[in-house]
Amino acid sequence: SFHWNGGKVLSDMDDAETEEALKKFIETVNDSDVEVFAVQDYWTFDWILELRKYLRDHPEELKKTVLPGMELRVECATNFRLNIHAIISDRVSDQELRDFRSELKIRWSGDETKNVSDETLKEYAKGLDASKAREHGFDDPSTLDDAMLLKLGSMTVEVTRDSLSK
């Protein structure tokens, strides 16, 4: 996800780089003495979905359990950020993972909410004032491209507690 500092993020990889990264991930997992892992990307299931897609053609390669997960922030009445790590059963389908994400809601204005999507995250970022963007290391949102808007939205948005409970 956008916080990964170990090289290219998935969205910047071509097919060959993605396959190589998946193979390295599987090798690292298999070589570990840990039996169960959770992939914890911010606001996305992209990595686990790519892994599952790869494993459909190579089911024998992964010897351990890898659970889908998502890290996100939740609204709270504090002056610090409340991050949540949702760890989900590996029996949940790809579509159910997509549904989980899309059913999360963010506060838009007042009581209005919108469902989480990449587009919503970018639109949210566009609505931030320049000082809020600078707090997170970004230029004025009106000057940012889509990739930077997505990153800014991902770093600032919070889901409603009600939508997380559901």
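Before reading on, note that the structure itself is shown above.
If you're wondering where the values come from, they're calculated on a predicted model, not measured in any experiment.

Draft legend 1. Geometry of the packing of helix α2 (residues 46–57) against helix α3 (residues 94–103). With their axes 11 Å apart at the nearest point, α2 and α3 run at an angle of 170° to one another. Of the possible angle classes, the one that applies to α2 and α3 is roughly antiparallel. On the side of α2, the interface is formed by Ile48, Leu49, Arg52 and Arg56, while α3 contributes Asp94, Leu97 and Arg98. When its residues are assigned to classes, the contact of α2 with α3 shows three nonpolar, no polar and four charged.

Draft legend 2. Spatial organisation of the pattern of salt bridges. Summed over all chains, the structure comprises 10 salt bridges. Between Lys23 and Glu19 there is a salt bridge; the shortest N-O distance is 3.3 Å. Here Glu19 and Lys23 lie together in helix α1 (residues 15–31), a separation of four residues that amounts to about one turn. One salt bridge connects Glu119 with Lys122, and the closest N-O pair in it is separated by 3.0 Å. Residue Glu119 and its partner Lys122 are both found in helix α4 (residues 118–126); the two are separated by three residues, about one turn of the helix. When its relative accessible area of 12% is taken as the criterion, Lys122 is described as buried. Residues joined in a network through salt bridges with shared partners are Arg52, Arg56 and Asp94.

Scoring rules and cut-offs
Residues numbered from 1 in each chain as written. Predicted model: local features only at pLDDT ≥ 70, side-chain atom pairs only at ≥ 80, totals over all residues. Heavy atoms only, no water. Axes fitted to C-alpha atoms, helices over the stretch in contact; angles between N-to-C directions. Helix = DSSP H or I, 4+ residues; strand = E, 2+ residues; numbered from the N terminus. Parallel < 35°, antiparallel > 145°, perpendicular 65-115°, else oblique. Contact = heavy atoms within 4.5 Å. Nonpolar A, V, L, I, M, F, W, Y, C, P; charged D, E, K, R; others polar. Salt bridge = Lys/Arg side-chain N within 4 Å of Asp/Glu carboxyl O. Buried < 20%, exposed > 50% of the residue type's maximum accessible area, 1.4 Å probe, protein only.

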